[in-house]
Amino acid sequence: MPVFRGRTVKMPKPRSSIRSPFAKARFIDSNTVSTAISAFVFVIPVRLTTSLTMSSLINVASYRPRTGAFVKVNDKIGVIALSSDLDSNLFKQACALFATGITIATTADPSGRPHGLTANSFSSVSLDPPLVLVCIATRSAVHETFFTSKSFAINILSEDQRGLSERFAASGEDRFQGVDWEPGPLGSPWLAKALAKLECQTYDRHPAGDHTIFIGRVYCVAIERGAPLVYFASSYRRLADK
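Computed from a predicted structure; not experimentally measured.

Analysis parameters
- Residues numbered from 1 in each chain as written.
- Predicted model: local features only at pLDDT ≥ 70, side-chain atom pairs only at ≥ 80, totals over all residues.
- Heavy atoms only, no water.
- Pairing = 2+ DSSP bridges.
- Helix = DSSP H or I, 4+ residues; strand = E, 2+ residues; numbered from the N terminus.
- Salt bridge = Lys/Arg side-chain N within 4 Å of Asp/Glu carboxyl O.
- Core = buried A, V, L, I, M, F, W, Y, C linked by side-chain atoms within 4.5 Å.
- Buried < 20%, exposed > 50% of the residue type's maximum accessible area, 1.4 Å probe, protein only.
- Contact = heavy atoms within 4.5 Å.
- Axes fitted to C-alpha atoms, helices over the stretch in contact; angles between N-to-C directions.
- Polar contact = N/O pair within 3.5 Å; in protein donor to acceptor, adjacent residues only side chain to side chain.
- Phe/Tyr/Trp six-rings, centres within 6.5 Å; stacked < 30°, edge-to-face > 60°.

Things to note about the sheet that holds strand β18 (residues 235-238)
Inference 1: Read across the open sheet, the three strands follow the order β7-β17-β18; overall the sheet is antiparallel. Two strands close off the open sheet at either side, each with one partner strand: β7 (100-101) and β18.
Inference 2: Looking at chain direction, β7 and strand β17 (residues 229-232) are connected through two bridges and run antiparallel. Looking at β17, one finds that Gly101 is bridged to Val230.

Written as structure tokens, this is what we have:
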């Protein structure tokens, strides 16, 4: 209670409501009034700022500096539809600029006959459990064999195995003729002198456009010394020491 010159000033008890100036009007809860004021003070400016920010993002995403023009976007964050207008050759050229190693993916059919193909769409996926993946075109002659097989192997080629890469990339059913190989512990072919060999149990399969993504759980690994065969810009390369 405030004190002025030794006197105590009695303050009125705070009311939980504010009376309307109209005689027949009901009381207005002060909490409601506070909430309404807060909405005007805080919420509306935030929403306005968000709207302006989104508008700015859309304009930035749709502006093309080279032409000095704005292009029409197909959603609120300015993503341009590419699936129908994308130049497939340009897409291939862009992907070819990602340097990769070269592998030969192999498997065996129920009779033990070996099958394989060249693939650079290979990647490790997980350390625990140890998983890798390889992508195989659905139109490939060996796709069905891989799809029904319970295991497959990845042979990472060394820089001296360009001939094997070209052989397994060409059409033909007799790719293993004259090739030095042996069955891995699970039966999939291991190619001699490959830089690394990983034999996998088929863990999962996922359709993806015109390819199937095969995920394998690595069962065993063998490695050798050497340098990898590299593929960049649609050409074979070698690593160069600098």
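A few points about the pattern of salt bridges
Inference 1: Within the structure shown, the criterion is met by four salt bridges.
Inference 2: A salt bridge links Glu159 to Arg238; its shortest N-O distance comes to 3.3 Å. Taken together, the residues span a long stretch of sequence, with Glu159 in the loop between β12 (151-156) and α4 (162-169) and Arg238 in strand β18 at a distance of 79 residues.
Inference 3: Here Glu166 ties to Arg162 by a salt bridge, and the two come within 2.9 Å at their closest N and O atoms. Of this pair, Glu166 and Arg162 are both found in helix α4, four residues apart, which corresponds to roughly one turn of the helix.
Inference 4: Taken together, the shared-partner salt bridges in this structure form one network comprising Glu159, Asp160 and Arg238.

Side note on the nonpolar core
Note that soluble globular proteins tend to have their nonpolar side chains buried in a common cluster.
Inference 1: Core analysis: the largest hydrophobic core is formed by 14 residues, its most contacted members being Ala105, Leu117, Val134, Phe146, Phe152, Ile154 and Phe214.
Inference 2: The set of elements that each furnish at least two residues to this core consists of β9 (114-119), β11 (131-137), β12, β15 (196-208) and β16 (211-223).
Inference 3: Element by element, the count of residues in this core is highest for β11, at three residues.
Inference 4: The residues contacting Phe152, other than those within four sequence positions of it, are Thr106, Thr107, Val134, Phe146, Ser188, Leu198, Glu199, Cys200, Thr202, Phe214, Ile215 and Gly216.
Inference 5: Of all hydrophobic cores here, the second largest spans nine residues; its members include Ile102, Ile104, Leu164 and Leu191.

A short note on the sheet that holds strand β8 (residues 103-108)
Inference 1: Pairing is antiparallel across the open sheet formed by seven strands, whose spatial order is β9-β8-β12-β15-β16-β11-β10. Looking at strand neighbours, the two that pair on one side only are β9 and β10 (122-126), the edges of this open sheet. When strand polarity is set aside, the average angle formed by the axes of neighbouring strands in this sheet is 35°.
Inference 2: With seven bridges connecting them, β11 and β16 associate as antiparallel partners. Each residue of the ladder has a partner; that of Ile136, found in β16, is Thr212.
Inference 3: With respect to the sheet, α4 is in contact with β8 and β9, its orientation differing from that of β9 by roughly 110°.

Topic: the pairing of β15
Inference 1: Here β12 runs beside β15; their pairing, made up of six bridges, is antiparallel. Each residue of the ladder has a partner; that of Ile156, found in β15, is Ala196.
Inference 2: For β15 and β16, the ladder comprises 12 bridges, and the chain directions are antiparallel. Note that in β16 the partner of Thr202 across the bridge is Gly216.
Inference 3: Between β15 and β16, which follow one another and run antiparallel, lie two residues, and Gly209 among them has a positive phi close to 60°.

Section: the side chain of Asn155
Inference 1: Within the secondary structure, Asn155 is located in strand β12.
Inference 2: Classification of Asn155 as buried rests on a relative accessible area of 0%.
Inference 3: A polar atom in the side chain of Asn155 sits 3.4 Å from the backbone oxygen of Pro189.
Inference 4: The contact partners of Asn155, leaving out residues within four places of it in the chain, are Ile102, Thr103, Ile104, Thr106, Pro189, Trp190, Leu191, Ala194, Ala196 and Lys197.

Some remarks on the packing of aromatic side chains
Inference 1: Summed over the entire model, instances satisfying the criterion amount to six aromatic pairs.
Inference 2: With 5.7 Å between their ring centres and 70° between their planes, Phe176 and Trp181 make a pair best called edge-to-face.
Inference 3: On the numbers, 5.1 Å between centres and 65° between planes, the contact of Tyr231 with Tyr236 is edge-to-face.
Inference 4: Accessibility expressed as a relative area gives 26% for Tyr231, which makes it partly exposed.

Some points on the environment of Tyr231
Inference 1: Checked against the element boundaries, Tyr231 lands in strand β17.
Inference 2: For the pair Tyr231 and Ile102, spaced 129 residues apart in the sequence, the C-alpha separation amounts to 6.8 Å.
Inference 3: The contacts of Tyr231, once residues within four sequence positions are left out, are Phe98, Ala99, Thr100, Ile102, Asn120 and Tyr236.
Inference 4: Among the polar contacts listed, one links the side chain of Tyr231 to the backbone oxygen of Ser234, at a separation of 3.4 Å.

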